[in-house]
Amino acid sequence: MYKKISKVLYLKVGIVRTSKLLNNSKRKELISGIKKNPVSFSYLTKTGFEDDFQADLLHHGGENKALFLFSSITYEKINSFYDNKFDMSKTAFFGENLILSEITEEDICVGDILKIGQCKVQITQPRQPCWKLSANTDEKNMTNFIFNSGLTGWYAKVLEEGIISQNDEVILEKRAYPNLNIEKLNQLIINPMSDEKLTLEALDCSELGKAFMESLSKRYKLKDKDEQFSYYHK
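Bear in mind the structure is a predicted one, so any value in this text is a computation, not a measurement.

Right, let's get into a nonpolar patch on the surface. Together, Ile-15, Val-16, Ile-31 and Phe-53 line one region of the surface with nonpolar side chains, adding up to about 330 Å² of accessible area. Among the secondary structure elements, Phe-53 is positioned in the loop between β6 (48-49) and β7 (67-71). Among the residues examined, Phe-53 registers a relative accessible area of 42% and is labelled partly exposed.

Of all eight residues making up strand β10 (residues 119-126), seven are buried, and the element is well covered by its neighbours. Here strand β9 (residues 113-116) runs beside β10; their pairing, made up of four bridges, is antiparallel. In the strand pairing of β10, Lys-115 is matched with Lys-120. The pairing of β10 with strand β11 (residues 154-160) spans six bridges and is antiparallel. Bridge pairing links Ile-123 to Ala-156 in β11.

Mapped onto the fold, Ile-116 is located in strand β9. For Ile-116, a relative accessible area of 0% gives the class buried. Taking the C-alpha atoms as reference points, Ile-116 and Ser-42, separated by 74 residues in sequence, lie 12 Å from one another. Discounting chain neighbours no more than four positions away, the residues touching Ile-116 are Val-8, Leu-69, Leu-98, Val-121, Ile-163, Ile-164, Asp-168, Glu-169 and Val-170.

Turning to the nonpolar core, a few remarks are in order. Ranked by internal contacts, the top residues of the largest apolar core, which has 39 residues, are Leu-98, Leu-114, Ile-116 and Ile-164. Of all hydrophobic cores here, the second largest spans 17 residues; its members include Tyr-82, Phe-86, Met-142 and Tyr-155.

On to the sheet that holds β6. Across the sheet, three strands lie side by side as β6-β5-β12; this open sheet has antiparallel pairing. In the strand order of this sheet, the two ends are held by β6 and β12 (162-165), each with one partner. Alignment of strand β5 (residues 41-45) against β12, held across four bridges, turns out to be antiparallel. Paired with Phe-41 across the bridge in β12 is Ser-165.

Taken as a whole, this structure holds eight salt bridges when the rule is applied. Here Glu-139 makes a salt bridge to Lys-85, at a shortest N to O gap of 3.1 Å. You can see Glu-139 sitting in the loop between α2 (132-137) and α3 (142-149) and its partner Lys-85 sitting in the loop between α1 (72-81) and β8 (98-100), a full 54 residues away along the chain. Judged by relative accessible area, which is 23%, Glu-139 ranks as partly exposed. For Lys-85, a relative accessible area of 37% puts it in the partly exposed group. Among the salt bridges present, the one from Glu-173 reaches Lys-120, with a minimum N-O distance of 3.0 Å. Taken together, the residues Glu-173 in strand β13 (residues 169-174) and Lys-120 in strand β10 connect sequence positions 53 residues apart. Look at Glu-173 and you get buried, because its relative accessible area is 19%. By relative accessible area, Lys-120 is classed as partly exposed at 22%.

The rules we used
Residues numbered from 1 in each chain as written. Predicted model: local features only at pLDDT ≥ 70, side-chain atom pairs only at ≥ 80, totals over all residues. Heavy atoms only, no water. Patch = residues over 30% accessible without salt bridge, like charges linked within 9 Å, V, L, I, M, F, W, Y side chains within 5 Å. Areas by Shrake-Rupley, 256 points an atom, 1.4 Å probe, with all protein chains shown as cover. Salt bridge = Lys/Arg side-chain N within 4 Å of Asp/Glu carboxyl O. Helix = DSSP H or I, 4+ residues; strand = E, 2+ residues; numbered from the N terminus. Buried < 20%, exposed > 50% of the residue type's maximum accessible area, 1.4 Å probe, protein only. Pairing = 2+ DSSP bridges. Contact = heavy atoms within 4.5 Å. Core = buried A, V, L, I, M, F, W, Y, C linked by side-chain atoms within 4.5 Å.

Right under this line is the structure:
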């Protein structure tokens, strides 16, 4: 398989910053690398862009979450609910490294191998939204909105390092798990019993990211008793 599916509209990297939060937040400050700025190119290593940094290395970054990809269409869908508040060409609102054209969560599957610029990456899992999305956008319900709508973006690990530049083509080279697209996985994490067969297929997928795998497994076992998102969503 060798198919052009998209191109890089924007590439963003950032340092860790500390920001004061709103008075109605239970946390006093945001320490994060979520505020990434546009650049024309950057070198992608096994653990992320050379110029990009994360504060919470337990939940962000690392080899299975080296690259965070977002869709311009997803940005537009979010904007339709928030009066076009978010300009995708500016500093990142959702912590995105790449904003891609044409494709969405429906079009990307776990295990997909993409050629982008000099790099090859493999999709690992959907982004799992936490409270920092609400803090960074100044919208207190944003985290829950992203979780429930499935407008999450997705992570990838790096198979081949190299430079990625703005306007690079995105080529789909291989697809091994056509049933496990990001959209469906986001639906399963809300309700694993909505398609139990697909949930079991996901839990048996060796390419599914460990963090998402553990969350989905817990969700499947505990069902309505699962409270794993109660802290990170608020």
